[in-house]
Amino acid sequence: MMKKNTSLSFYKVRERGIFMILTTTPSVEGKQIVSYHGIVFGEVISGVDVIKDFTAGLSNFFGGRSATYEDELTKARTQALAELESRAAAMGANAVVGIDIDYEVLGANNGMLMVTASGTAVTVQG
């Protein structure tokens, strides 16, 4: 089991014409939290197929980074954040603070990657 936290920079994502603020910090500088909507999650479980395993094995054998796994990790993280954002918007939030991202490997041969993003959905003004 692998667990790793990453730090996200403060950034805005545009969905359905509104900007959603996503940040790992507990507040948004220059803005006041006016309401809390609750904890929100985004989860993605992604399978790693035989071809990806083979190309990653070549990178491992010859040295260097595995672009195949890095691409899969980036894709899963982006999907988890998009799901988190969508769920926060459905709650009426315009920001998610305190975001934490966790990575796990699952399955009999560790062939599944799980990425979970969690944070607190809030409404900010200012």
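As the structure is a computational prediction, the values presented were derived from the model and not from experiment.

About the cut-offs
Residues numbered from 1 in each chain as written. Predicted model: local features only at pLDDT ≥ 70, side-chain atom pairs only at ≥ 80, totals over all residues. Heavy atoms only, no water. Helix = DSSP H or I, 4+ residues; strand = E, 2+ residues; numbered from the N terminus. Buried < 20%, exposed > 50% of the residue type's maximum accessible area, 1.4 Å probe, protein only. Contact = heavy atoms within 4.5 Å. Salt bridge = Lys/Arg side-chain N within 4 Å of Asp/Glu carboxyl O. Patch = residues over 30% accessible without salt bridge, like charges linked within 9 Å, V, L, I, M, F, W, Y side chains within 5 Å. Areas by Shrake-Rupley, 256 points an atom, 1.4 Å probe, with all protein chains shown as cover. Pairing = 2+ DSSP bridges. Core = buried A, V, L, I, M, F, W, Y, C linked by side-chain atoms within 4.5 Å.

What about the overall build of the protein chain?
In step 1: On a plain count of helices and strands, the protein chain comes out with two helices and five strands.
In step 2: Ordered by position in the sequence, the α and β elements of the protein chain form the string β-β-β-α-α-β-β.
In step 3: Each of the 126 residues in the protein chain was classed as buried or not, and the buried ones make up 33%.
In step 4: Residue pairs in contact within the protein chain that sit at least 24 positions apart in sequence constitute 73% of those at least 6 positions apart.

Considerations on the side chain of Ser46
In step 1: Following the sequence through the fold, Ser46 ends up in strand E3 (residues 32-47).
In step 2: Using a relative accessible area of 9% as the deciding quantity, one classes Ser46 as buried.

Re the pattern of salt bridges
In step 1: If you walk through the whole model with that rule in mind, you get two salt bridges.
In step 2: Salt-bridge contacts for Arg87 lead to Glu43; the nearest nitrogen and oxygen are separated by 3.1 Å. Taken together, the residues span a long stretch of sequence, with Arg87 in helix H2 (residues 67-90) and Glu43 in strand E3 at a distance of 44 residues.
In step 3: Note on Glu43: relative accessible area 33%, which makes it partly exposed.
In step 4: The exposure class assigned to Arg87 is partly exposed, which follows from its relative accessible area of 37%.

Side note on a nonpolar patch on the surface
In step 1: A contiguous nonpolar patch, built from Ile45, Leu106 and Met112 and spanning about 230 Å² of accessible area, is present on the exposed surface.
In step 2: For Leu106, a relative accessible area of 31% corresponds to the partly exposed category.

A closer look at the pairing of strand E4 (residues 95-106)
In step 1: Relative to strand E5 (residues 112-125), E4 runs antiparallel, the two sharing ten bridges. What sits directly across from Ala95, in E5, is Val122.
In step 2: From the end of E4 to the start of E5, which pair antiparallel, there are five residues, and Gly107 there has a positive phi angle of about 95 degrees.

Let's talk about the environment of Phe19
In step 1: Residue position: Phe19 is located in strand E2 (residues 18-22).
In step 2: Judged by relative accessible area, which is 46%, Phe19 ranks as partly exposed.
In step 3: With 76 residues separating them along the chain, Phe19 and Ala95 place their C-alpha atoms 8.3 Å apart.

Observations regarding the environment of Tyr69
In step 1: Residue placement: Tyr69 occurs in helix H2.
In step 2: Of the residues examined, Tyr69 reaches a relative accessible area of 33% and is grouped as partly exposed.
In step 3: Residues Tyr69 and Leu113, spaced 44 residues apart in sequence, show a C-alpha to C-alpha distance of 9.9 Å.

As for the environment of Leu113
In step 1: Mapped onto the elements of the fold, Leu113 is located in strand E5.
In step 2: Classification of Leu113 by relative accessible area gives buried; the value is 9%.
In step 3: Taking the C-alpha atoms as reference points, Leu113 and Leu73, 40 residues apart in sequence, are found 7.9 Å from one another.
In step 4: Residues in contact with Leu113, not counting those within four places in the same chain, are Val44, Ile45, Ser46, Glu72, Leu73, Ala76 and Glu104.

A closer look at the nonpolar core
In step 1: In terms of nonpolar packing, the biggest core is built from 18 residues, with Leu84, Ala88, Val96, Ile99, Ile101 and Val115 touching the most fellow members.
In step 2: Broken down by secondary-structure element, the contributors of at least two residues to this core are E2, E3, H2, E4 and E5.
In step 3: In terms of residue count, the dominant contributor to this core is H2 (five residues).
In step 4: Within the second largest apolar cluster, six residues are counted, among which are Val28, Ala95, Val97 and Val124.

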